[in-house]
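Structural overview for review
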Amino acid sequence: MSTTKAIVLVGGPSKGTRMRPLTLDCPKPLLPIAGKPMVWHPISALAKVPGLSEIIIIGFYEDSVMSGFIKEAKREFPNIGISYLREYKALGTAGGLYHFRDSILRPPVPQNIFICNIDICSAFPFQEILELHSKHRGVGTIMGVNVKKESAQKYGCIVTEPESQLMVHYVEKPDSWISNTVNGGVYLFDKSLFDEIKVAMDQKTARAAEDPLVKSDDILRLEQDVIVPLAAAKKMYVYECKDFWRQIKTAASAVTANQLYLTRIQKTNADFLAKSSSNIISPVYIDSTATIDPTAKIGPNVAIGPGVQVGKGVRIKDAIVLENTVLDKHSCVLNSIVGSNCNIGPWARVDGNPEPEQDVKGQISVTILATEVSLAPETLVRSCIVLPNKSLSRNSANEVLL
Ligand code: GDD
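Everything in this summary refers to the structure shown in the same document. (Residues numbered from 1 in each chain as written. Predicted model: local features only at pLDDT ≥ 70, side-chain atom pairs only at ≥ 80, totals over all residues. Heavy atoms only, no water.)

1. Brief notes about the nonpolar core
Formed by 70 residues in total, the largest nonpolar core has its most connected members in Val 39, Ile 43, Ile 55, Ile 57, Phe 69, Phe 114 and Phe 126. Considering every element that reaches this core, the biggest residue donor is helix α8 (residues 251-268), with 9 residues. Dropping the residues within four chain positions of it, Ile 43 is found in contact with Val 8, Ile 55, Ile 57, Phe 69, Phe 77 and Ile 82. Membership of the second largest hydrophobic core comes to 32 residues, among which are Ala 94, Tyr 98, Phe 100 and Val 139. (Core = buried A, V, L, I, M, F, W, Y, C linked by side-chain atoms within 4.5 Å. Buried < 20%, exposed > 50% of the residue type's maximum accessible area, 1.4 Å probe, protein only. Helix = DSSP H or I, 4+ residues; strand = E, 2+ residues; numbered from the N terminus. Contact = heavy atoms within 4.5 Å.)

Structure below.
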């Protein structure tokens, strides 16, 4: 069996700004969704791919930010090499691949390399992609997903030849509509990808020598600089993903991702979740160190982190509650993310609207409480973003509370 490796692109601190205030304390890749850090979900799916020897996470976070996760992941997936390589600055979606090419290609030399974005929620059909990839002679296979026509231009758009699955055209975030099939942020490439990246880098250097407006640096974009020419040369194929897929760019989309992952875990690994009962409406994840009053009603689509205390008569639905938060008696949390070390007073209510299909400018959907926010008894907070360390005692709606 040929060797496969995988790269997970996690970006760095200047990315993930739309997830603030949650990412003020917790870097986006480590944000818990369905009881596990965001980056864990693609890694656990990759770990199931036969012949996969190594997963390399590439980003520009400090090493110390990722080291705890790497240690735990190595323990959980002992048969796979897992490491973090840090870019000295943001090198773009292909710059890091080029910079670390020797590490990626060192023995066992991979025949195939998966590349996966971090900020997506997906069923990650890696094995199916590998199967399709091994049937054609292209340099790469891209996972295509179908989105609504109104939102397609927010993504890389793909035109496919239906019979052969050959990608005939690719445009990154086009100005006008091209297709509803978009780049899902998952790829499988032959190792010859590195020849293509080298060509793209050389062309960029040559352009920079001629044109003072083109910067000579190590930044390279996988989509525009590598995939566009590969599509033009008819060297890439498309795996159409029919399973669930969402981008996780905003805190609201993290609530949706939580629901999608919990629903999936319910089918694949139900033991990880809390057992259904009259007061637990599945799917619900409750960390083993959380304390839950038996009269609290929880679910569906709830994830409760370590050390959380849930009091008498509390109601929680469609929500993520992060570690060491206290929900006092009869409080209610719906369509929200409650950050760590928050204190929600008795009879207080935190709620929001489900994520809209489209970003609606100026409108906040789910409520986000950052760390160490406290709510006085009976306070209502609806569709608000609340920054860290705030103490609220008046009702608020559709506000950013600084
Ligand atoms: N290591 C590293 N270095 N990772 C990066 C860098 C960088 O300089 N810049 C971005 N990333 C990572 C992000 O963390 C994310 O996982 C992925 O690369 C893509 O991020 P963006 O560059 O913000 O692109 P996007 O999310 O707007 O669009 C991309 O993903 C869509 C699917 O979610 C494109 O590939 C689109 O075509 C695609 O549809």
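After presenting the structure, the write-up continues.
2. Side note on the packing of aromatic side chains
Overall, the coordinates contain 6 aromatic pairs when judged by the stated rule. The interplanar angle of 65° and the centroid separation of 5.0 Å between the aromatic rings of Phe 114 and Phe 126 together place this pair among those described as edge-to-face. Pair noted here: Phe 114 is in strand β6 (residues 112-117) and Phe 126 is in helix α5 (residues 126-135), with a separation of 12 residues, a long-range link. For the pair Phe 114 and Phe 126, one class covers both residues: buried. Pairing Tyr 187 with Phe 189 gives two aromatic rings, centres 5.8 Å apart and planes at 25°, and the pair type is stacked. Considered together, Tyr 187 and Phe 189 belong to a single accessibility category, that of buried residues. What links up through ring pairs into an aromatic cluster is the set Phe 114, Phe 124 and Phe 126. In this arrangement the basic side chain of Arg 101 is found over the ring face of Tyr 98, its NZ or CZ atom lying 4.0 Å from the centre. (Phe/Tyr/Trp six-rings, centres within 6.5 Å; stacked < 30°, edge-to-face > 60°. Lys NZ or Arg CZ within 6 Å of the ring centre and 35° of its normal.)

3. Structural notes on the sheet that holds strand β25 (residues 374-375)
If you trace the 6 strands from one edge of the open sheet to the other, you get β15-β18-β20-β22-β25-β28, paired in parallel fashion. Where the open sheet ends on each side, the last strands, each with one partner, are β15 (291-292) and β28 (391-392). Summarising the sheet, strand β22 (residues 343-344) and β25 pair through 2 bridges and their orientation is parallel. Bridge assignment links Ile 344 to a residue of β25, and that residue is Leu 375. (Pairing = 2+ DSSP bridges.)

4. Observations regarding the site of the ligand
Near the ligand, the surroundings consist of 27 residues, among which Glu 87, Gly 92, Asn 183, Glu 223 and Lys 249 are the closest. Take Ile 118: an N or O atom from its main chain is 2.9 Å from an oxygen atom of the ligand. Taking 730 Å² as the accessible area of the ligand by itself, protein coverage stands at 92%. Residue assignment for the shell around the ligand shows that the elements contributing at least two residues are β1 (4-11), β4 (52-59), α3 (92-99), β10 (166-172), β11 (181-190) and β13 (245-247). With 3 residues, β1 is the single largest residue contributor to the shell around the ligand. (Near = heavy atom within 4 Å. Polar contact = N/O pair within 3.5 Å; in protein donor to acceptor, adjacent residues only side chain to side chain. Areas by Shrake-Rupley, 256 points an atom, 1.4 Å probe, with all protein chains shown as cover.)

Remember, this is a structural readout, not a statement about activity or role.
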